[in-house]
Amino acid sequence: MPDSRFFKVAGPFTLKQLAEISGSIIAEGANPDKIFSNVCSLHEGDENSISFLLSKKYLSDLEKTKAGACIVSEEFKDKAPKGVEVLVAKEPYRAYGLVAQAFYPNEYREETFIHEKAFVDPTAKIGKGCIIEAGAFVGANAEIGAHTHVCANASIEKNVILGEDCIVGMNASVQYTIAGNKVYIYPGARIGQDGFGFHMGQNGHTKIPQLGRVLIGNDVEIGANTCLDRGALDDTVIGDGSRLDNLIQFGHNVQTGKCCVVVAQAGVAGSTHLGDFVVLAGQSGIAGHLNIGSGTQIAAQSGVMRDVGPMEHLMGTPAVPAKEFMRQFATIKKLVKGGDAKSIKLTFSQKLKLLFSKKI
């Protein structure tokens, strides 16, 4: 269970309250007045804590759990052992997230706190209840909304605007940026630095001034050591509700729609636009000046070199539709093992040539 040295628990809550918080239904026979004081995993809970079942993979853990209650989907509501109260949810993991937020809410200060070893320019505007930790820097004319937390050694450069309820992690730097509310910039992230812009020539490389900004919507998370270049002329834009993992690179002018998910070590080259709810899995790479349609999913380690329509699922390098990729992979695997009597007489390179010309 969460360590009380690091996480301050709220509550307790009755099962009925937790059902209302999570949008769940109390299973028949469960006690709505039973009180719970914490959340837990299936294998380490006690009768005063509530857990959840992520998938059928963990059914054995559910059957042995000591938790007092569990959030499950409809198909598993009868799998909990006797004595475990059951909440039924369409999306158990989401329901658990809402319950965990209730037990561990964000802490708010009524009064602003600025550490004596922080530097805040006299022209900066600091909202009510902000925390500015030791070593932090806030530049001239910067604006920081209420209840925003600037952690140790973070840097908020001149004229940057951050909304309310934001967090800027330790050693992160933010410049040329306008951000909305509930933006979480993790430690070490670099937001708004120069884009990689220059003209290559025989007499040397001519730098192109980067004159755009970074615009970040509401409810956005930007992972540790992720780098978002500011725009060259147009802005770099991160849409509302997006989640960027650690160690991601966005070039200048990259723009995302709402609720995009980009996983660790992915890279998006300059001036590429992502639609809404796009998913880029780990180590995927997207070439520049492309349009990726809404709802598209790019598999891990894929390389996208063309525009992609909405709701596509691509794999491989160069990326192709997932079904086509799996068919190619299966065919190549068969050919490498020898194939049929006709193809076995060909060299491997000949087999590949035939394969991709669709003659076999």
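Everything that follows concerns the structure shown earlier in this document.
Residues numbered from 1 in each chain as written. Predicted model: local features only at pLDDT ≥ 70, side-chain atom pairs only at ≥ 80, totals over all residues. Heavy atoms only, no water.

## Brief notes about the layout of surface pockets
A volume near 1,500 Å³ is recorded for the largest pocket. Around the largest pocket, the lining is made up of 32 residues, and of these Tyr-104, Pro-105, Asn-106, Ile-167 and Tyr-184 lie nearest the centre. Of all elements in the fold, only α3 (92-103) and β20 (183-185) reach the threshold of two or more residues within the lining of the largest pocket. In terms of residues, the lining of the largest pocket owes the most to one element, α3, which gives six residues. In terms of residue class, the lining of the largest pocket is made up of 15 nonpolar, seven polar and ten charged. (1 Å grid on protein atoms, 1.4 Å probe; cavity = no way out; pocket = protein on both sides within 12 Å on 5 of 7 lines; lining within 4 Å. Points joined across faces, edges and corners; volume = space filled by probe spheres on them. Helix = DSSP H or I, 4+ residues; strand = E, 2+ residues; numbered from the N terminus. Nonpolar A, V, L, I, M, F, W, Y, C, P; charged D, E, K, R; others polar.)

## Some words on helix α1 (residues 15-22)
Turning to α1, its buried residues are Leu-15, Leu-18, Ala-19 and Ser-22. Looking straight down α1, one finds its buried side chains confined to an arc of 105°; they lie on one side. The first or second residue beyond α1 is Gly-23, which carries a positive phi of 70°. (Buried < 20%, exposed > 50% of the residue type's maximum accessible area, 1.4 Å probe, protein only. Arc of directions from axis to C-beta.)

## As for the side chain of Asp-121
Along the chain, Asp-121 turns up in the loop between β9 (119-120) and β10 (125-126). Buried charge without a salt bridge: Asp-121, with Lys-158 as the nearest opposite-charge side chain at an N-O distance of 10 Å. Of note is the side chain of Asp-121, whose polar atom sits 2.6 Å from the side chain of Thr-123. (Lys, Arg positive; Asp, Glu negative; His and termini not counted. Salt bridge = Lys/Arg side-chain N within 4 Å of Asp/Glu carboxyl O. Polar contact = N/O pair within 3.5 Å; in protein donor to acceptor, adjacent residues only side chain to side chain.)

## Examining α3
Compared with the 16 Å implied by 1.5 Å per residue over twelve residues, the 16 Å span of α3 between its first and last C-alpha is a close match. Among all positions of α3, only Pro-92, Ala-95, Val-99, Ala-100, Ala-102 and Phe-103 are buried. Burial along α3 is one-sided: seen end-on, the buried residues are contained in an arc of 155°. Every exposed residue of α3 that faces more than 90 degrees away from the buried side is listed here: Tyr-93, Arg-94 and Gln-101. Against the buried residues of α3 lie β1 (13-14), α1, β3 (35-36), β4 (38-39), β5 (49-52) and β6 (69-72). (Expected span 1.5 Å × (residues − 1). Contact = heavy atoms within 4.5 Å.)

## Concerning the nonpolar core
Formed by 47 residues in total, the largest nonpolar core has its most connected members in Ile-156, Ile-191, Ile-216 and Phe-250. The set of elements that each furnish at least two residues to this core consists of β20, β24 (214-216) and β25 (220-222). Discounting chain neighbours no more than four positions away, the residues touching Ile-191 are Ser-173, Val-174, Gln-175, Thr-177, Ile-185, Val-214, Ile-216, Ile-222 and Leu-228. Leu-15, Phe-52, Ile-71 and Ala-102 belong to the second largest nonpolar core, which has 18 residues in total. (Core = buried A, V, L, I, M, F, W, Y, C linked by side-chain atoms within 4.5 Å.)

## Some details on the sheet that holds strand β7 (residues 85-88)
Reading across from one edge, β2-β7-β6-β5-β4 is the order of the five strands in this open sheet, with mixed pairing throughout. What marks the edges here is a single partner per strand, and that holds for β2 (25-26) and β4. Of the pairings in the sheet, the one linking β5 to β6 comprises three bridges and is parallel in character. Residue pairing in the sheet places Phe-52 in a bridge with Ile-71 of β6. Here α1 sits on the sheet in contact with β2, β5, β6 and β7, set at roughly 20° to β7. (Pairing = 2+ DSSP bridges. Axes fitted to C-alpha atoms, helices over the stretch in contact; angles between N-to-C directions.)

## Let's talk about unusual backbone geometry
A cis amide bond, omega 5°, links Gly-11 with the succeeding residue Pro-12. Examined against the element boundaries, Pro-12 turns out to sit in the segment before β1. With an omega dihedral of -5°, the bond running from Thr-317 to Pro-318 counts as a cis peptide bond. If you trace the backbone, Pro-318 turns up in the loop between β39 (313-315) and β40 (320-321). A positive phi angle, close to 65°, is found at Asn-141, a residue other than glycine. Inspection of the secondary structure assignment puts Asn-141 in the loop between β12 (137-138) and β13 (143-144). You can call Asn-141 partly exposed: its relative accessible area is 43%. The phi dihedral of Leu-247 is positive, around 60°, even though this residue is not glycine. With respect to the helices and strands, the residue Leu-247 is situated in the loop between β28 (243-244) and β29 (249-250). A relative accessible area of 45% means that Leu-247 is categorised as partly exposed.

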